[in-house]
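Structural overview
In case you want the letters, here they are:
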Amino acid sequence: MRVLIAGGSGLIGRALANSLAADDHEVIVLSRSPALAQGLGPRVQVEGWDARSAAGWGALADGADAIVNLAGASIAGEGFLPARWTAERKQLIRDSRVNAGAAICEAIEQAEKKPSVLVQSSAVGYYGAHSADVDVTEESPAGSDWLAQVCLDWEGSTAAVEAMGVRRAVIRTGIVLSFEGGALQRMALPFRMFAGGPLGNGRQPFPWIHPADQVGAIRYLLRHSGAAGAFNLSAPVPLTNAQFSRELGAVLRRPSLLPVPGFLFRAMFGEVAMVVLEGQWALPQRLLELGYTFRFREAGPALANLAQGMG
């Protein structure tokens, strides 16, 4: 299978590229910064793109079996501390997603032999914030906040490929756990300093997924001919933030006693704080119905597995 991965230099893109290459699939990673993707290994081809058009790379879509679109600027920024959502950053977050989707549509439209499937990224932020007593499935409506609108636009950016005969699966992803980056890396630091605890009141849902299941689910959707439409990529046993914090403290052998007040977190980081101070009890209903088996259903074993890989 020949697979193009847009945005393949990120945490999930690299893991997916290496996983596919290890099984002898032909993998081409599209990256705005090809130099950052050079550590992917000899069996992964890296090509530059502007993430706005098909110029210079579009021919690669002709004859490809699948495209996975993971492109988009980080919601929380690239630094250790979350970046505030200024008007400029909000525009960057949205444009980086919508423009990349438009570029992929352009390439597929130009392709004589079109890919069979496109896996399109999104996030559980699509649903907006909900309390832990509300089950959120793929049938739940979109939220009304800014992040939900970004997800709507993000998903819509590649909707046109369906009319071209391309099967499209949309992955609404929860918080991907990794001590190497993202939310978990930021959450773990205070625990290591014996100052860890829940964020805000701790009652907000914390939808999460282990990287192995993120990659595994994407690969499952690529090869399952009946997989189309939206799929929640989150573990089937979600937790509240307080429950997750206790699991994290147990794995790191640290107490989980010092909550960070929500008002303080908002004062420090602004609107981006909603990513962890709010959440949704997202359940992978369609993925389970399709027959996918999660390697990590519960947070404790997932965190313990990830902790084993820490240096």
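Described in the following lines is the structure provided in the data block. (Residues numbered from 1 in each chain as written. Predicted model: local features only at pLDDT ≥ 70, side-chain atom pairs only at ≥ 80, totals over all residues. Heavy atoms only, no water.)

1. Description of the environment of Leu-118
Going by this rule: Where helices and strands are cited, they refer to DSSP runs of H or I of at least four residues and of E of at least two residues respectively, numbered from the N terminus. Using a 1.4 Å probe on the protein chains alone, a residue whose accessible area is under 20% of its type maximum counts as buried, one over 50% counts as exposed, and one in between counts as partly exposed. The contact rule is simple, with two residues in contact once any of their heavy atoms fall within 4.5 Å.
Considering the arrangement of structural elements, one finds Leu-118 in strand β5 (residues 117-123). Among the residues examined, Leu-118 registers a relative accessible area of 0% and is labelled buried. Expressed as a C-alpha distance, the spacing of Leu-118 and Ala-228, which sit 110 residues apart in the sequence, is 9.4 Å. For Leu-118, the residues in contact, after removing those within four places along its chain, are Ile-67, Asn-69, Ile-104, Thr-158, Val-161, Val-166, Arg-167, Arg-168 and Ala-169.

2. Brief notes about unusual backbone geometry
At Asp-24, a position not held by glycine, the phi torsion is positive, near 70 degrees. Examined against the element boundaries, Asp-24 turns out to sit in the loop between α1 (11-22) and β2 (26-31). With phi around 60 degrees, Ala-51 is a residue other than glycine that occupies positive phi space. Here Ala-51 is to be found in the loop between β3 (44-48) and β4 (66-69). Overall, the relative accessible area of 8% leaves Ala-51 in the buried class.

3. Here we look at the packing of helix α4 (residues 182-192) against helix α6 (residues 241-252)
Which entries qualify depends on this criterion: To obtain an axis, a line is fitted to C-alpha atoms, over the contacting stretch when the element is a helix, and the angle between two such axes runs from 0 to 180 degrees between their N-to-C directions. Should the near helix be turned anticlockwise from the far one by less than a right angle, the crossing is termed left-handed; should it be turned clockwise, right-handed.
It is the contact of α4 with α6, at a shortest axis distance of 10 Å, that shows an interaxial angle of 65 degrees. Viewed along their axes, α4 and α6 form a crossing whose handedness is right-handed. Between α4 and α6, the contacting residues are Leu-184, Met-187, Ala-188 and Phe-191 on the first element and Asn-241, Phe-244, Ser-245, Leu-248, Gly-249 and Leu-252 on the second.

4. Quick notes on the pairing of strand β7 (residues 167-173)
Definition in use: When DSSP locates at least two bridges between a pair of strands, those strands are taken to pair.
Burial runs high along β7: 7 of the 7 residues are buried. Residue alternation in β7 divides its side chains into two sets, Arg-167, Ala-169, Ile-171 and Thr-173 and Arg-168, Val-170 and Arg-172, and both sets are buried. Here β5 runs beside β7; their pairing, made up of 7 bridges, is parallel. Opposite Ser-122, over in β7, you have Arg-172 as the bridge partner. As defined by bridge partners, β7 adjoins strand β11 (residues 229-233) across 5 bridges and the pair is classed as parallel. Counterpart to Ile-171 in the pairing with β11 is Phe-231.

By themselves, these observations are geometric and do not establish any function.
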